[in-house]
Amino acid sequence: MNAFIPHGRNGRVAAASSNFRLAFRLLPLMAAAASFPFVVNADEAAVELEGVTVRANPLGKTADELVQPTTVVDGDALNRKRRGTIGETLENEPGISTTDFGAGAGRPVIRGQAGPRVEVLENGIGSLDVSDVSPDHAVGIDVANARAIEVLRGPATLLYGSRALGGVVNVLNGRLPTAVDEGFHGVLEGQYGSNGQDRNGALELDYGLGHHQFHVDAAGRKANEYDIPGNARVDGGGSEGVLANSRTQTNSTGFSYAYVQGGSSLSFAVSTFGAVYGLPQEEEAFINLDQTRYDLQGILDRPVPGIESVKFRSAFNAYDHTEFEAPDTPGTLFRNSQNQSRIEIVHAPIAGFRGVFGVQHDFRRFSAIGDEAFVPATRTTQVGVFLIEEYAWSRGKFEAGVRVNRDTVKPNFPADGSARAPNRGYTPVSFSLGTILNVSAHDHVKFNFSRAQRSAAAEELFAFGPHLATGTFERGLATAALETANNFEIGFDHHDERLSVEGALYLNSIRNYLFLDEIDAGLDADGSGAGSSDGVADRVDEEGAFDPDGDLLLVNYRQANARFYGFEGQATYKLTSGVSLRAFGDQVIGQLNRGGDLPRITPARVGFGVDPAYGPFTASFSYTRVLAQNDIATLETRTAGYNLLGIEAAYHFKLREDAASASELFLRARNVLDDEARRHTSFVKDFAPIPGASVYVGFRLAI
């Protein structure tokens, strides 16, 4: 069990003048700027297309060779962008944002899709947590250990099933090695952030000998309540200058062993993840999370003629988290025991077609016990088979695939019969067709169509009760039908020695889109009462009794046809041998076909950057303008636009010639303008802005 972090004020008095506070925080940065030669970092672009194999795709292609839009963040780019959560780490990539629930929880949002529509993986297997149940639940993966993060934007149900209708995020670390790196290697990282006294540390050790590879890692973070410009609440009724109850602490460990023989390998890993973090929409509430995970991976290289490889992966976990109402006052206990396994068989070309056949099995036993147990205990089983084939020709490549799943969700209601709903079973069928056309050696056009189906999740089917984290009383839709998404996309990319450009236009039309909707009936949550309609969304108390002044908004899961459409693009230009320029922009629009906007849709964004470099010195200047979000759902509040400016400087060196990577000393400043910024994708945006100006100083030593 993690030690509890007291969630009182951090004792610092907010400065009366925001200008004074900003100047004070920037003193270290200004001093460093005066003494640092400026530098370039040409690989600031996250997508390092040439030579980076996307491991989330079993056919072993680079991002440039895949029909589906794919981003790979690794190397120095990942080191610079790494934050406390996966969502924050990726939020400045085109088409990606984060749910944001204070400093402790943040799950990726891809093209307006989040929660159970985005699958988060660790080394190709699900995160096995309950972060898809509620936005205040943290992902059970420590980004501090990540060596690369892959993002498949758009439906990826062919490979990973119903939970990947919106996309896939695959976090890669060193816990399942497939090769031996002879000798001893390691990385030690540490950094300190001025805002909230944010302390981070991580250690990785690897030792390879003959056919044997060993790996150990550990990481930890501890941060106090962070400073904000102005008041925490948009109505001025919150804490001033600091976000109360925003402390966070995380820790993780991992150990693995692999036996490697040529291209074949067998590896095993055991890892832990723990977190204690405050819920800033409540005065003292916090979550205490623990997870232990076991992974197994086996790869056979060319076991028989005609088969290129056979890969088996499996993971099992023991997860629980307790939501405390206050110190020494435990509330609801969430438990999740899950096993996910998959096998992928890649065959050699047959009449020009090369492909992969796979089988995936997932069993999940979930329970919630306590006052906020708004979802009953459930057992979910998903079994899927898939086939993906590709055919290369002189002008490009053609790709097609199909997947069939059988998903069942079985609730375990109280024996007294006070609540009851039938088991649900679904058979989602998904397929895709796509092509890459080589217009020239540097230019490619991609066309992709997919029909993807998603089964309803347990919380969408059987929820009934107060969900204090989101301020709602939720009622599930036990009769929910399959979601069916028809996704059309056209993409373009150009890459030469100086200029790299890529972009995409997409339309995702979803039949039976499942979402939370407000009610205007004047009834209690159980349907009792006199009933009336006054044009105002119903509110209830924690027991579900109708109360116009109640703390909770009464919401139903319901289905309607919807569409998401938008664009995303980015470009990098090498101005000189020592200076690179970059830019990006994106926008997504989410609407119901019958009229009305969907809630928590990422606002349009545009960003620019300059990356100078000189010898071992690098620097980066990044500016992002997030536009106001005025296209809002009923009763949703508008979100003002804001500006984010980041400045970084680093000195790179090698401790030894055969080091796995370069070492560095760095200085990074975030939200330099100390702008008040609220993410529209967050359930708590009106109560919890992002941190104000922050300066980080740190090191990364590699041997």
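The structure reproduced in this document is the subject of the present report. (Residues numbered from 1 in each chain as written. Predicted model: local features only at pLDDT ≥ 70, side-chain atom pairs only at ≥ 80, totals over all residues. Heavy atoms only, no water.)

Topic: the overall build of the protein
Link 1 in the chain: Helices and strands together make up the secondary structure of the protein, namely five helices and 35 strands.
Link 2 in the chain: Expected size for 703 residues packed as a compact globule is a radius of gyration near 27 Å; at 25 Å, the protein falls within 12% of this value.
Link 3 in the chain: Along the first, second and third principal axes, the C-alpha atoms of the protein reach 75 × 65 × 45 Å.
Link 4 in the chain: For the protein, with 703 residues in total, the buried portion stands at 57%.
Link 5 in the chain: Across the protein, the fraction of contacts at a sequence separation of at least 24, relative to all contacts at a separation of at least 6, is 66%.
Link 6 in the chain: Accessible area of the protein: about 27200 Å², with a carbon and sulfur share of 59%.
Link 7 in the chain: Considering the protein, the positive charge centre built from 63 side chains and the negative charge centre built from 87 side chains are found 4 Å apart. (Helix = DSSP H or I, 4+ residues; strand = E, 2+ residues; numbered from the N terminus. Rg over C-alpha atoms; globule rule 2.2 N^0.38 Å. Buried < 20%, exposed > 50% of the residue type's maximum accessible area, 1.4 Å probe, protein only. Contact = heavy atoms within 4.5 Å. Areas by Shrake-Rupley, 256 points an atom, 1.4 Å probe, with all protein chains shown as cover. Lys, Arg positive; Asp, Glu negative; His and termini not counted. Charge placed at Lys NZ, Arg CZ, Asp CG, Glu CD.)

Here's the deal with the sheet that holds strand 6 (residues 148-153)
Link 1 in the chain: An order of 1-6-7-4-5 is seen for the five strands of this open sheet, with the pairing classed as mixed. The outermost strands of the open sheet, each flanked by one partner alone, are strand 1 (70-74) and strand 5 (125-126).
Link 2 in the chain: In terms of strand pairing, strand 4 (residues 118-122) meets strand 7 (residues 167-172) through five bridges, oriented parallel. Paired with Glu119 across the two strands is Val168, which belongs to strand 7. (Pairing = 2+ DSSP bridges.)

Overview of the environment of Arg700
Link 1 in the chain: Position of Arg700 relative to the elements: it lies in strand 35 (residues 694-702).
Link 2 in the chain: For the pair formed by Arg700 and Leu176, sequence separation is 524 residues and the distance between their alpha carbons is 22 Å.
Link 3 in the chain: With residues up to four places along the chain from it excluded, the contact list for Arg700 reads Asn79, Val187, Leu188, Glu189, Ser661, Ala662, Ser663 and Glu664.
Link 4 in the chain: One polar contact links the side chain of Arg700 to the main-chain carbonyl oxygen of Ala662, over a distance of 3.4 Å. (Polar contact = N/O pair within 3.5 Å; in protein donor to acceptor, adjacent residues only side chain to side chain.)

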